[in-house]
Each structure stands twice: as C-alpha cells, then as structure tokens.
Amino acid sequence: MCQRKASVPVVAESPQHEVIIIGGGLVGFVLALALEKYTGRKVPVFERSATMLPNVGAGLVLQQNGLKVLRDIDETLYEAILQASSDFTERTWERHDGTVIAAAPESNSRGMQRWRLQNLLHEAVCRKGINVHWGKELTKVDSQSSSEYVRVNFADGTQTTTAWLMASDGVKSKVRRTVAPDVEWHYSGWTSFMGISHVESSKLRMPSSLTTKCHATFFPIGDFESCFQIHFPLSSTNPECWGTLTCKRSAEMCQKLANELEADGWDESFLQHLKTAQRSVQVGFGELNPTLKHWVYGRVVLLGDAAHPPHPFLGQGSQQGYEDAATLALLIEEFGLTAKSMELYETIRMSRVDLVAKCDAQMGDSQQRRASSSKLAFSQEDSVQRQIFFHETSPLLLAGAAHDYRQAIRDAIEPRKL
Ligand SMILES: Cc1cc2nc3c(=O)[nH]c(=O)nc-3n(C[C@H](O)[C@H](O)[C@H](O)COP(=O)(O)OP(=O)(O)OC[C@H]3O[C@@H](n4cnc5c(N)ncnc54)[C@H](O)[C@@H]3O)c2cc1C
C-alpha cells in the first residue's frame, strides 16, 4: 500500500461497502460498468445531483481509444452511442475566412451531446442492476492509510463506510481536496465558449483567426446539430462552471461574439453556429498546482477529472477518464482489490495522462500561434501541412486516439512476471 500523509481520524468499525464510487458523471458510470463487467461487482454510485438532467452542457468528441473502452464494457451501450452520435470522416485546419490549410482523414471519431452520453451510460448502469444514489453530495472523507476503512459523510446528514472509495467527483473534487489538501486547481488562462447549434456538417473544422486572436473547433453531433467550441486566451474570467448559461445570457453572448467575428471576416459557415445556437456554456480550463504526486491515497483512488483536469484541444478529456476506469477494473480483475492493483493503476495511468496533456498543450499552442502573428501563422501553417503530409494526420492526435489501454496493462505487467 502506498503510504500517504493524511491527518484524519482512524475509522474502526466494519465497512458497509467493499467499494463505492463518488460522482455519477461520465467516468463514474463507466467505472461502475467496467467493474461489473470485469469483476462481477455491482458497485453503488453516489451522485450529488438530485436526478439526471437533460440538455446540460454542450458536446464532446469520442475518439477511437475512448470508444474502444465503451465497446468492450457493453456492446448494447456501444450500439446506442453510435445511434445517438454523429461520425465525421475528415478534420480540417482552416483560416477564419474558410480557407483550408490542411485536411486529414479521421477514422472512428464521433461527436455527441454530453448529456445524451450520460443518459445512455445511466441506462446501461440501471440495466445491470447497479444502484445510483442521487442527491448524495459528499461533504467529508475520513480515511487513513493505516485504516482498513473509509468513512464518508453526505450533505443530507447520512454517512457510510467503505473498504475502498473510488472518487470520480470531477475537476473540483472534494475527495481530492481532502486527501491532497496542498494541491489546488488554478485557472490556466484559457476560456472556451461552447454550445449546440443547428448546423449540418460532416467534418471537424479547426479555424484560427489572426484578427480575433482566437481559434475554434466545430463538429457534428447529430442531424442538423453541431457543437462549437471557441477558445480564448483570457487573463480574467469566472472559471467556475460547466453549468449551462441561461437562455438570455447565452443569446447575448452568441450575438456579441457573432458580431465581433463577422466584423473580423469570419466565414458565414462559422457564424451560422452562433446565429443558430440552442444553448451554451462558458468553461475556464485549469491545472492542478502542485501536480498530484499520487492518485491513490490509502484506500482512496482518484480517477477522471478528479485526478487530471480536462484540457480542451485534443478532445481527449473524457477518453482519459474512460481509460482510467477500464484500466482500474481490469487490474482489479487480475489482482483483486489490492495494493498491487492500485500501484499498477498509478504507474500505467499517470504517465499516459501526462503524455496526452503535453500533446494537448502543443496542439493548443500550435493553434494559438496561428492566431497570434502573421509570421507565426505562416510557419505554423507550413508545419501543420508537413505533419499531415507525412503522418496523414497530426501525430498529436494519434498519441491520444491510437492508444490501446489493454496493451498498456500487458506492457506494465509482463516485465514484473519475468
Ligand atoms: C454538468 C456538466 C456538463 C459538462 N459538459 C461538458 C461538455 O459539454 N463538453 C465536454 O467536453 N465536457 C463536459 N463536461 C466535462 C466532462 O464530463 C468531463 O471533463 C469528463 O467527461 C470527465 O468526467 P468525470 O466523470 O471525471 O467528471 P464529470 O463529468 O464532471 O462528473 C463528475 C460528477 O461528480 C459529481 N460530484 C461532484 N462533486 C460531488 C460530491 N461532492 N459528491 C457527489 N458527487 C459529486 C458531479 O455532479 C458530476 O456528476 C461537463 C461536466 C459536467 C459536470
């Protein structure tokens, strides 16, 4: 067992649960399904929200590596995801006026509304007979590496005990703040304005603008439905939320942005997204500082955004969480709920997520350089074209999407068997 500092009381009684999951977002549900599939355990999920809410958030991209996890844990779920999402077969790097700099084929990627995916995951969890406890906001965790149990308190005054706590309670994770109190989330200076629009499209487009000094991503998520994500370097913002903006606020922001982009010469096909927006969210992205040294603290395991805040540019945010969940469940299948499983989980996943985060930063940097100065734009365009000529896509994207999480487990285990 990894020894960690934790200044919290020892819990002495028998635990009510062997494992629980805190956070019924995308990763919490994927973990519940993976544990059921690979270990036969029906692990209860405790979620803060009172119920599943439709039309929350905007859209996300599912890439090959994430889809592989979802297909492996539940074929029926996978088929439903294919039905509820939209594929795109091409990715284009463009200027804001619509001039295409480079185009690359895109295989096995799909766009989807985030709440629809969460809904399908929830349905799959219910089909498997896994309990989801809604309206359960964790307020306190008592654990210690020397203790055999963890006690959890909820905002409604109830509490429970568990031998293992899997925390997928999102980017502002209360569990993480308890087990690693010196680590804080800090806004990185990037804000994205995201939304759902009535625009038909068959490709993922990545324009960048020298005049507006921002770049963007547009991708299809259904019939006459697309997602727009406009990325700004903003020094000050309220970086809080994934919360959907009110209709009034969303309409005002879309109108203001559409006017600005129109004045700057953005192509009408991009402006259409803002003009037909159904709803939008404003999201500040950030980093943990200092970075987490561990993801396992005694009997508490972090995964998904709780362990690694999402980054906006590669579309790998949630796929990394699915890889976490499947890796953890497969290790528990192989080695049980043991210190060995948890150590391997940390070893395999921390280095992988670190690599993807670096690729994401490079992708964001490359796009922003195109938006910063004409000299940089010129050389970046050249660089993008060369990469796509030689690799048929951006190698940064491959680092995320071409990964095989099962192979990573085999690679980590085999040397130990020798
Ligand atoms: C409302 C919402 C909308 C989002 N919209 C988008 C989007 O449009 N596009 C996109 O790319 N990403 C979106 N995200 C982020 C995306 O879901 C995550 O980056 C990624 O999928 C990782 O998932 P996760 O399960 O680790 O975190 P999340 O999906 O954030 O899930 C965390 C869950 O934990 C719950 N929780 C938090 N604190 C507690 C607590 N104390 N006790 C119990 N439960 C708790 C939250 O309610 C949430 O359901 C959204 C997240 C949220 C919460």
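Everything here concerns the structure above.
To start, this report covers the structure provided alongside it. (Residues numbered from 1 in each chain as written. Predicted model: local features only at pLDDT ≥ 70, side-chain atom pairs only at ≥ 80, totals over all residues. Heavy atoms only, no water.)

1. Concerning the sheet that holds strand 4 (residues 86–87)
As a reminder of what qualifies: Two strands qualify as a pair provided DSSP detects at least 2 bridges between them. Put simply, DSSP H or I for four residues or longer makes a helix, DSSP E for two residues or longer makes a strand, and each gets a number counted from the N terminus.
Strand order in the open sheet formed by 3 strands is 3-7-4, and the pairing between neighbours is antiparallel. Two strands bound the open sheet, and with one partner strand each, they are strand 3 (59–62) and strand 4. As paired elements, strand 4 and strand 7 (residues 110–113) share 2 bridges and run antiparallel to each other. What sits directly across from S86, in strand 7, is G111.

2. Description of the sheet that holds strand 13 (residues 203–209)
Our working rule: Lines are fitted to the C-alpha atoms to define the axes, a helix being fitted only along its stretch in contact, and any angle between axes, read from their N-to-C directions, falls within 0 to 180 degrees. Note on contacts: a residue pair is in contact if any heavy atoms of the two residues lie within 4.5 Å.
On the basis of which strands lie adjacent, the open sheet formed by 7 strands has the order 6-5-13-14-15-12-16 and mixed pairing. Strand pairing shows two members of the sheet lacking a second neighbour, strand 6 (100–105) and strand 16 (277–289), which therefore form its edges. In this sheet, neighbouring strand axes are inclined to one another by 20° on average, regardless of whether the strands run parallel or antiparallel. Relative to the sheet, helix 9 (residues 339–372) contacts strand 5 (90–95), strand 6, strand 12 (184–197), strand 13, strand 14 (214–222) and strand 15 (225–233), its axis offset from that of strand 13 by approximately 50°.

3. Regarding the site of the ligand
The cut-off we apply is this: Being near a molecule or strand, for a residue, comes down to having at least one heavy atom within 4 Å of it. A 3.5 Å cut-off defines polar contacts: any pair of N or O atoms within that distance qualifies, except that in protein one atom must be a possible hydrogen donor and the other a possible acceptor, and neighbouring residues in sequence count only when both atoms are side-chain atoms. All accessible-area figures derive from a Shrake-Rupley calculation using a 1.4 Å probe, and residue coverage is judged against the displayed protein chains alone.
Of all residues adjacent to the ligand, which total 27 residues, the nearest are E47, A58, R114, L138 and D305. R48 places a polar main-chain atom, nitrogen or oxygen, 3.1 Å from a nitrogen atom of the ligand. One nitrogen or oxygen atom from the main chain of A58 is found 2.5 Å from an oxygen atom belonging to the ligand. Contact with the protein chains covers 89% of the free accessible surface of the ligand, which is 920 Å². Among the elements of the structure, helix 1 (26–39) and strand 3 are those that each provide at least two residues to the shell around the ligand.

4. Things to note about the packing of aromatic side chains
How two aromatic rings sit relative to each other is set out by the distance from centre to centre and by the angle between their planes. The criterion, for reference: Here the aromatic set is Phe, Tyr and Trp, taking the six-membered ring for Trp, and pairing holds for ring centres within 6.5 Å; pairs whose planes are under 30 degrees apart are stacked, those over 60 apart are edge-to-face, and all others are tilted. Here the term buried applies to any residue with accessible area under 20% of the maximum for its type, exposed to any over 50%, and partly exposed to those in between, with areas from a 1.4 Å probe on protein chains only.
Evaluated as defined, the whole model comprises 9 aromatic pairs. With centroids separated by 6.5 Å and ring planes inclined at 45°, the aromatic side chains of F88 and F219 adopt a geometry described as tilted. Of this pair, F88 sits in the loop between strand 4 and strand 5 while F219 sits in strand 14, and the two are 131 residues apart along the sequence. For the pair F88 and F219, one class covers both residues: buried. Three or more aromatic residues joined by ring pairs form one cluster here, namely F218, W266 and F270.

5. Describing the nonpolar core
One recurring pattern in soluble globular proteins is that nonpolar side chains are buried together. To be explicit about the condition: Residues belong to one nonpolar core when they are buried, are Ala, Val, Leu, Ile, Met, Phe, Trp, Tyr or Cys, and are joined through side-chain atoms within 4.5 Å.
In terms of nonpolar packing, the biggest core is built from 82 residues, with L165 and M166 touching the most fellow members. When residues in this core are grouped by element, the largest group, 10 residues, is from helix 1. Those residues within four positions of M166 in sequence are excluded, and the remaining contacts are V19, I20, I21, I22, L31, V301, L303, L328, I332, L337 and M342. Listed in part, the 27 residues of the second largest apolar core include A104, V281, F313 and L314.

6. As for the pairing of strand 3
Neither face of strand 3 is left uncovered, since the one carrying G59 and V61 and the one carrying L60 and L62 both have all their residues buried. Pairing of strand 3 with strand 7, which is carried by 4 bridges, proceeds in the antiparallel orientation. From the neighbouring strand, G59 faces strand 7, where its bridge partner is Q113.

7. Examining the pattern of salt bridges
Definition in use: Here, a salt bridge means any side-chain nitrogen of Lys or Arg that lies within 4 Å of a carboxyl oxygen of Asp or Glu.
One pass over the structure, following the stated rule, counts 21 salt bridges. Its salt-bridge partner being R71, residue D72 comes within 3.8 Å of it at the nearest N-O pair. Residue R406 pairs with D72 through a salt bridge whose shortest N-O separation is 3.2 Å. In this pair, R406 sits in helix 12 (residues 405–417) while D72 sits in helix 2 (residues 64–73), placing the two residues 334 residues apart along the sequence. Via salt bridges that share partners, E323, D324, R349 and R352 belong to a single interconnected network.

8. Focus: the packing of helix 2 against helix 8 (residues 317–335)
Describing two packed helices takes the angle between their axes plus the distance from one axis to the other. Which entries qualify depends on this criterion: By the definition adopted for this analysis, an angle is roughly parallel if under 35 degrees, roughly antiparallel if over 145, roughly perpendicular if from 65 to 115, and oblique otherwise. By convention the crossing between two helices is left-handed if the near helix lies anticlockwise of the far one by an angle smaller than a right angle, and right-handed if it lies clockwise. Each residue gets one of three labels, nonpolar for Ala, Val, Leu, Ile, Met, Phe, Trp, Tyr, Cys and Pro, charged for Asp, Glu, Lys and Arg, and polar for the others, Gly among them.
Running from amino to carboxyl end, helix 2 crosses helix 8 at an angle of 40°, the nearest separation of the two axes being 8 Å. When the interaxial angle is binned, helix 2 and helix 8 end up oblique. Considering how the two elements wind past one another, helix 2 and helix 8 form a crossing that is left-handed. Between helix 2 and helix 8, the residues in contact are N65, G66, V69 and L70 and Q319, Q320, Y322, E323 and A326, respectively. The residue inventory of the contact of helix 2 with helix 8, partitioned by class, reads 4 nonpolar, 4 polar and 1 charged.

9. A word on the side chain of S226
Its place among the elements puts S226 in strand 15. Residue S226 is classed as buried on the basis of its relative accessible area, which comes to 0%. Looking at S226, its side chain comes within polar contact range of the main-chain oxygen of V199, at 2.8 Å. Beyond its immediate stretch of four places on either side in the chain, S226 contacts G195, I196, S197, V199, S201, F219, P220, I221 and H273.

10. Section: helix 8
Let me state the cut-off plainly: Under the convention used throughout, the expected extent of a helix is 1.5 Å for every residue step, that is, one less than its residue count.
The terminal C-alpha atoms of helix 8, which comprises 19 residues, lie 27 Å apart, in line with the 27 Å expected from a rise of 1.5 Å per residue. Most of helix 8 sits inside the fold, with 17 of its 19 residues counted as buried. One or two positions beyond helix 8, positive phi appears at G336, with a value near 75°.

11. A word on the state of the cysteines
Here is the rule: Any two cysteine sulfur atoms lying within 2.5 Å of each other are counted as a disulfide.
Within this structure, the stated rule accounts for 0 disulfides. The thiol sulfur of C214 is not disulfide-bonded, and the nearest other cysteine sulfur, from C254, lies at 14 Å. For C214, a relative accessible area of 0% corresponds to the buried category.

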